[in-house]
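Summary of the model geometry
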Amino acid sequence: MHYIKLLTAALFACVFFYTGCRKDRGYYDYSNGSNVYEGNTYEFLKAQHQYDSFLLAVDRVQLADSLKTGRYTVFAPSDASFKQAIENMNTLRRIQNRDYIYISSVPYEQLDTLVCRYIIRDTVTSGRMQLQDGLLLSAIRYGYPMHGKFSRTDAEGHVGGGPGIIAYSDTKGGIYSNRWRKSSAVAVD
């Protein structure tokens, strides 16, 4: 009986060491395919379940039909971004002894101005934003100037081989980039 236990343990050790010492084949055949969504922008955002607040604002300012039928580039803020912005705004309103405000109660003109900055006329791919200075973009309504600049981050052992990031900026109508409000978008194209 002792002999069987010893033989089983030796066999297990051999299998363990053999699988642990296998060498890497040196080549990994990876292809980064792009997924194509067979629907419109509005449906895509709705299917993601993280842009519901943005879509509520889009509905309020009557831009849903534009996103369903037109060709636009959308830099959609997530629900988490909306939650943080509303919490911060309501913290200030509480200090000022003012009523809380929500997406459904923000004055239409203010909401319209803000939402329109996240929707850009035409389809703009990340490749068009790779210019050294980025690309000036025009908001869906009022032609408000925004700016997008695409760049790649570094990956271990590969400069520029990491994920792509778009620095999306509110130019505030100015030409000096140090005064722009910037945010990053990591889900591109």
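Up top is the structure.
A brief report on the enclosed structure follows.

Rules and cut-offs
- Residues numbered from 1 in each chain as written.
- Predicted model: local features only at pLDDT ≥ 70, side-chain atom pairs only at ≥ 80, totals over all residues.
- Heavy atoms only, no water.
- Helix = DSSP H or I, 4+ residues; strand = E, 2+ residues; numbered from the N terminus.
- Buried < 20%, exposed > 50% of the residue type's maximum accessible area, 1.4 Å probe, protein only.
- Contact = heavy atoms within 4.5 Å.
- Pairing = 2+ DSSP bridges.
- Axes fitted to C-alpha atoms, helices over the stretch in contact; angles between N-to-C directions.
- Salt bridge = Lys/Arg side-chain N within 4 Å of Asp/Glu carboxyl O.
- Core = buried A, V, L, I, M, F, W, Y, C linked by side-chain atoms within 4.5 Å.

Focus on the overall build of the chain
The number of helices and strands found in the chain is 6 helices and 6 strands. Ordered by position from N to C terminus, the α and β elements of the chain give α-α-α-α-β-α-α-β-β-β-β-β. Looking at the chain residue by residue over its 189 residues, the buried ones come to 27%. For the chain, the proportion of contacts with a sequence separation of at least 24, taken over those separated by at least 6, is 46%.

Let's talk about the side chain of Asn 90
Secondary-structure assignment places Asn 90 in helix α5 (residues 79-95). On the accessibility criterion, Asn 90 (5% relative accessible area) is buried. Discounting residues that sit within four places of it in the chain, Asn 90 has contacts with Tyr 100, Ile 101 and Tyr 102.

Some points on unusual backbone geometry
In this structure, His 49 is a non-glycine residue whose phi angle is positive, near 60°. Inspection of the secondary structure puts His 49 in the loop between α2 (41-48) and α3 (52-60). Phi is positive for Gln 62, which is not a glycine, with a value near 60°.

Topic: the sheet that holds strand β6 (residues 181-185)
Strands sit in the order β3-β4-β5-β6 across an open sheet of 4 strands; the sheet is antiparallel. The strands lining the two open edges of the sheet, one partner per strand, are β3 (135-138) and β6. Recorded for the sheet is a direction-independent mean angle of 30° between the axes of neighbouring strands. Here 5 bridges tie strand β5 (residues 164-170) to β6, and the two strands are oriented antiparallel to one another. Counterpart to Tyr 168 in the pairing with β6 is Ser 183.

Remarks on the pattern of salt bridges
Applying the stated criterion across every chain, the model contains 4 salt bridges. The residue Arg 141 makes a salt bridge to Asp 112 at a minimum N-O spacing of 2.3 Å. Taken as a pair, Arg 141 in the loop between β3 and β4 (145-152) and Asp 112 in helix α6 (residues 108-116) lie far apart in primary sequence, 29 residues in all. The residue Arg 117 makes a salt bridge to Asp 170 at a minimum N-O spacing of 3.0 Å. Here Arg 117 is found in the loop between α6 and β2 (119-121), whereas its partner Asp 170 is found in strand β5, with 53 residues between them in sequence. With relative accessibility at 19%, the residue Arg 117 sits in the buried group.

Side note on the pairing of β5
Of all the 7 residues making up β5, 5 are buried; the element is thus mostly covered by neighbouring parts of the structure. In the sheet, β4 pairs with β5 via 7 bridges, with the strands oriented antiparallel. Among the inter-strand pairings, Gly 148 is bridged to a residue of β5, identified as Tyr 168.

A few points about the nonpolar core
In terms of nonpolar packing, the biggest core is built from 21 residues, with Phe 54, Val 58, Leu 63, Val 115 and Ile 119 touching the most fellow members. Elements supplying a minimum of two residues to this core: α2, α3, α4 (64-69), α5 and α6. Take this core: its biggest share by element is 4 residues, from α3. Judged by nonpolar contacts, the second largest core, of 11 residues, contains Val 124, Met 129, Leu 137 and Ile 166.

Side note on the environment of Gln 50
Along the chain, the position of Gln 50 falls in the loop between α2 and α3. In contact with Gln 50, other than residues within four places in its own chain, are Ser 78 and Asp 79.

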